[in-house]
Every structure is written in C-alpha cells, then in structure tokens.
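Here are the chains, one letter per residue:
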Amino acid sequence: MNPHTKLISYLSLLLGTTITISSNHWMMAWTGLEINTLAIIPLISKSHHPRAIEATIKYFLVQATASTLMLFSSMTNAWFTGQWDITQLTHPTSCLLLTAAIAMKLGLVPFHFWFPEVLQGSPMATALLLATMMKFPPITILFMTSHTLNPLLLTSMAIASAALGGWMGLNQTQIRKILAFSSISHLGWMAIIIIYSPKLTLLTFYLYSLMTITTFLTLNTTKTLKLSTMMTSWTKTPMLNATLMLTLLSLAGLPPLTGFLPKWLIIQELTKQEMTVMATIITMLSLLGLFFYLRLAYHSTITLPPNPTNHMKQWHIHKPTTPQIAIFTSLSTLLLPLSPMILTTT
C-alpha cells in the first residue's frame with residue numbers, strides 16, 4: 001500500500017474520531033462517523049484478497065445503514081423537539097432508533113453478524129483498529145445519550161451479547177474470530193452498565209482496548225493467525241508467549257490481573273442498583289468466555305503440537321520485541337493494585 005495513502009487513511013481516522021467525540025450537534029457527529037467509515041475501507045481491502053473485498057463490502061453496507069438510522073433518529077428527534085443537541089435526545093422512538101444504530105456500529109447482538117467476518121477478512125493491524133479505535137466514537141455517543149436510553153432494551157442486548165460472544169467463540173479456530181466474539185462479549189458488559197454508571201463504561205472500554213491492543217500486537221509479532229500456528233509459535237518467542245498467556249487471562253477477567261477490575265466494579269454497581277439477578281447471569285455467562293481464553297492460553301504456552309509438522313520450525317525470530325509490547329503487557333496485567341487511584345480519576 002502506498003505510504004501516502006496509508007498516512008491519509010490514518011489521519012482521516014484520527015480526524016473522524018476527534019470530530020465525533022468533540023461534537024454536540026448530530027450532524028457533526030454523523031460527519032465524523034462517515035469520515036471514519038471511508039478512511040478504514042482502504043485499510044481493510046489493501047490485500048486485494050477476495051475475503052478482504054467481501055469484508056470491505058460488508059463493513060461499508062452495515063456502517064452506511066447504521067449511519068442512516070442514526071441520522072433518521074436525530075431528525076425525528078429534531079422534528080418533535082426542535083433540538084439538534086446530542087444530549088437532548090428525548091423522543092422515545094428516536095431513542096430506540098439510536099440504540100439500534102449504535103448497536104449496529106458496535107456489533108452488539110442482534111446486529112453482530114458482520115463483525116467476526118470483517119475482522120477475519122482484515123489484516124491484523126486493521127483488525128486491531130476495528131476492535132478498539134473504531135468503537136470509541138459510537139461509545140462516546142452512547143455515553144452522551146445514556147440518560148435517555150431504554151434500560152430494558154440495553155440490558156436485553158447486553159445479556160444476549162455476553163451469551164452469544166461466549167457461546168460462539170467456543171469452537172472457533174481462527175484467532176481473529178475468537179477475538180471478535182471476545183469483543184462482542186465485552187461490549188455486553190459495557191452496555192449493561194452505561195445507564196447506571198456511564199464513566200464505568202468508559203473505564204471498561206479503556207481497559208478492554210489496552211488488553212486487546214497487547215494481544216493483537218503480540219500475535220502480529222509472532223505472525224499467529226490460527227490455533228494450530230499458535231501451538232508452534234512458542235519456539236519463536238518463548239517469553240512473549242508467556243506474557244501473552246497472562247494478557248489472555250486478564251481479558252478473561254481473572255484476578256489479580258487488570259481485566260478483573262472492570263468486571264468487579266460492574267458487578268458491584270449492578271448490585272447497588274438492585275439488579276442482582278442480571279449481575280449473576282452476566283457473571284455466569286463470562287465463564288463461557290473464560291473457557292476459550294483458557295484454551296488460547298493453553299495453546300500459546302502449555303501444549304506441544306501433537307503431530308510432527310512437515311515444515312521446519314522457526315526458532316527465535318530475529319525481530320526483537322518492541323518497547324510498546326512490553327509497556328502494554330505490563331499495563332494489561334499489573335493495574336489491579338492501582339485500582340483506588342484509577343477510581344479517583346474516573
């Protein structure tokens with residue numbers, strides 16, 4: 001890919017995200033989302049593989065539909081209330097339409113079908129952007145409108161996302177698909193709490209992004225795309241694979257790792273809101289996710305390949321581990337003791 005094209009795409013992504021998260025008017029928020037969609041398309045399709053082209057078309061159609069729904073929602077609200085301000089979304093129909101549009105943009109159940117397929121068809125670096133940065137603008141819109149959204153609808157979507165994200169990830173062998181279902185499951189945790197504690201949703205998103213960035217960077221360094229190649233990747237970078245295991249367990253939410261913090265706080269907040277049943281259900285559903293994270297961790301470090309492979313194993317890749325991976329890995333695993341400080345800043 002031409003370096004200038006890549007630079008323009010990345011700058012446009014940054015511009016689109018900045019416009020959306022800093023806007024108060026619906027039209028500006030919509031413009032930022034459209035810039036984002038158009039900027040990521042060349043990055044998804046740059047390999048020119050049929051699967052990448054298919055992923056690009058799916059992504060474009062879904063995002064265009066979601067943007068149209070969002071625009072329709074804001075126009076309906078402006079028609080009835082005369083308000084174009086994002087925080088003044090008060091009309092019930094507009095709230096329902098917006099929830100559907102944002103769920104489509106994020107990949108929440110039942111609008112999740114596109115996300116695993118698009119992630120699978122994208123290069124690893126683009127998949128990382130899709131799983132983290134591209135979710136930030138829609139979550140910001142959800143954050144600004146959280147006080148007017150329908151609690152029953154969001155809770156139902158959240159429980160369904162946590163269930164389906166865990167269930168569908170169980171028998172996957174492609175790592176990008178597993179991480180896509182992991183993302184859907186985490187979005188369920190964010191959606192269930194956004195009405196009661198929007199800041200906690202943002203904290204959960206930041207920590208999820210941190211752990212996902214670490215996982216993607218590590219997998220990109222070892223050039224691992226499937227479980228079968230993950231089983232032999234320990235020969236390239238044994239230490240990196242050991243830290244990958246910790247990052248995956250952190251994504252699963254096991255104490256004493258960073259990933260435990262948002263789940264612990266969400267369960268605590270749900271209990272305060274007298275939603276103990278929902279807290280119990282979503283906690284039980286996280287066990288499904290724990291299973292496939294443990295399977296990934298097992299494949300990355302503990303198991304040896306059962307059969308002799310036909311190709312020569314590559315011992316110790318020549319490219320050294322970057323400082324970024326070291327920093328992100330440390331943050332992904334060791335932030336739990338700092339939770340009182342994190343809570344005072346949010």
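Residues numbered from 1 in each chain as written. Predicted model: local features only at pLDDT ≥ 70, side-chain atom pairs only at ≥ 80, totals over all residues. Heavy atoms only, no water.

Looking at the overall build of the chain
- When helices and strands are tallied, the chain shows 16 helices and zero strands.
- Computed over its C-alpha atoms, the radius of gyration of the chain comes to 20 Å, within 12% of the 20 Å expected for a compact globule of 346 residues.
- The principal-axis extent of the C-alpha atoms belonging to the chain is close to 70 × 50 × 35 Å.
- Sorting the 346 residues of the chain into buried and exposed places 54% on the buried side.
- For the chain, restricting intrachain contacts to residue pairs at least 6 apart in sequence, the fraction spanning at least 24 positions comes to 77%.
- Carbon and sulfur atoms make up 71% of the accessible area of the chain, which totals about 15400 Å².
- Within the chain, one finds 17 positive and 6 negative side-chain charges whose respective centroids are separated by 19 Å. (Helix = DSSP H or I, 4+ residues; strand = E, 2+ residues; numbered from the N terminus. Rg over C-alpha atoms; globule rule 2.2 N^0.38 Å. Buried < 20%, exposed > 50% of the residue type's maximum accessible area, 1.4 Å probe, protein only. Contact = heavy atoms within 4.5 Å. Areas by Shrake-Rupley, 256 points an atom, 1.4 Å probe, with all protein chains shown as cover. Lys, Arg positive; Asp, Glu negative; His and termini not counted. Charge placed at Lys NZ, Arg CZ, Asp CG, Glu CD.)

With respect to the packing of aromatic side chains
- Within the structure shown, the criterion is met by eight aromatic pairs.
- Judged by centre distance (4.9 Å) and plane angle (45°), the ring pair of F292 and Y293 falls under tilted. Y293 carries the same exposure label as F292, and that label is buried.
- Here a set of aromatic residues connected by ring pairs shows up, and it is made of F136, F205, Y206 and Y208. (Phe/Tyr/Trp six-rings, centres within 6.5 Å; stacked < 30°, edge-to-face > 60°.)

Some remarks on empty space enclosed by the protein
- Counted under the stated rule, the structure contains four cavities of 30 Å³ or more.
- For the largest cavity, the calculated volume is near 90 Å³.
- As for the largest cavity, its lining consists of 13 residues, of which Y59, Q63, K105, M134 and P138 are closest to the centre.
- Taken together, the elements giving at least two residues each to the lining of the largest cavity come down to α2 (26–45), α3 (50–81), α5 (114–121) and α7 (136–145).
- When residues in the lining of the largest cavity are grouped by element, the largest group, three residues, is from α2. (1 Å grid on protein atoms, 1.4 Å probe; cavity = no way out; pocket = protein on both sides within 12 Å on 5 of 7 lines; lining within 4 Å. Points joined across faces, edges and corners; volume = space filled by probe spheres on them.)

What to know about the pattern of salt bridges
- Applying the stated criterion across every chain yields a total of three salt bridges.
- The residue E54 makes a salt bridge to K58 at a minimum N-O spacing of 2.9 Å. With E54 and K58 both in helix α3, this residue pair falls four residues apart, about one helical turn.
- Taking the relative accessible area as the measure of exposure, E54 reaches 40% and is therefore partly exposed.
- Since its relative accessible area comes to 27%, K58 is described here as partly exposed.
- A salt bridge links K177 to E117, with the nearest nitrogen and oxygen atoms 3.4 Å apart. (Salt bridge = Lys/Arg side-chain N within 4 Å of Asp/Glu carboxyl O.)

Digging into helix α1 (residues 3–22)
- Under the 1.5 Å per step criterion, the end-to-end length of α1 is 28 Å for 20 residues, consistent within 8% with the ideal 28 Å.
- Those residues of α1 that sit buried are S9, L13, G16, T17, I19 and T20. Viewed along the axis of α1, the buried residues span an arc of 160°, placing them on a single side of the element. Residues P3, H4, I8, L14 and S22 are exposed on α1 and point more than 90 degrees away from its buried face.
- In this structure, the buried residues of α1 make contact with α2, α6 (124–131) and α7.
- Sitting at the head of α1, N2 places a side-chain oxygen 2.8 Å from the backbone nitrogen of H4. (Expected span 1.5 Å × (residues − 1). Arc of directions from axis to C-beta. Polar contact = N/O pair within 3.5 Å; in protein donor to acceptor, adjacent residues only side chain to side chain.)

Looking at the packing of α1 against α2
- Where α1 meets α2, the closest approach of the two axes is 8 Å, and the angle between their N-to-C directions is 155°. Judged by the inter-axis angle, α1 sits roughly antiparallel to α2. For the crossing formed where α1 meets α2, the hand is left-handed. Only M28, A29, G32, L33, I35, N36, A39, I40, P42 and L43 of α2 make contact with α1, whose side of the interface consists of K6, S9, Y10, S12, L13, L15, G16, T17, I19 and T20.
- Of the residues assigned to the contact of α1 with α2, the class counts are twelve nonpolar, seven polar and one charged. (Axes fitted to C-alpha atoms, helices over the stretch in contact; angles between N-to-C directions. Parallel < 35°, antiparallel > 145°, perpendicular 65-115°, else oblique. Left-handed = near helix turned anticlockwise from the far one by under 90°. Nonpolar A, V, L, I, M, F, W, Y, C, P; charged D, E, K, R; others polar.)

A look at the side chain of S339
- Residue position: S339 is located in helix α16 (residues 339–345).
- Ignoring anything within four residues of it in the chain, the contact list for S339 reads L261 and W264.

Regarding the UniProt feature "transmembrane region" (unreviewed entry) in the chain
- Following the UniProt record, one finds the feature "transmembrane region" (unreviewed entry) at residues 7–23, 57–76, 96–115, 152–171, 178–196, 202–219, 239–257 and 277–294.
- Taken end to end, residues 178–196 has its terminal C-alpha atoms 29 Å apart, with 84% of it in helix and 0% in strand.
- The span residues 202–219 carries 100% helix and 0% strand; its end-to-end C-alpha distance comes to 26 Å. (UniProt positions renumbered as here; feature names shortened; annotations may be inferred.)

Here's the deal with the domain arrangement of the chain
- For the chain, the domain assignment lists domain 1 (1–128) and domain 2 (150–306 + 320–345).
- Taking the mean C-alpha position of each, domain 1 and domain 2 sit 23 Å from one another.
- Of the roughly 2000 Å² buried at the junction of domain 1 and domain 2 (both faces included), carbon and sulfur atoms supply 78%.
- At the junction of domain 1 and domain 2, the tally comes to one salt bridge.
- If you look at where domain 1 meets domain 2, you find five residue pairs in polar contact (both at pLDDT 80 or more).
- A total of five residues in the side of domain 1 that touches domain 2 trace back to one element, the largest contributor, which is α5.
- Here the side of domain 1 that touches domain 2 is composed, by residue class, of 14 nonpolar, five polar and one charged. (Domains from an automatic or database assignment. Buried area = accessible area lost by both parts, 1.4 Å probe.)

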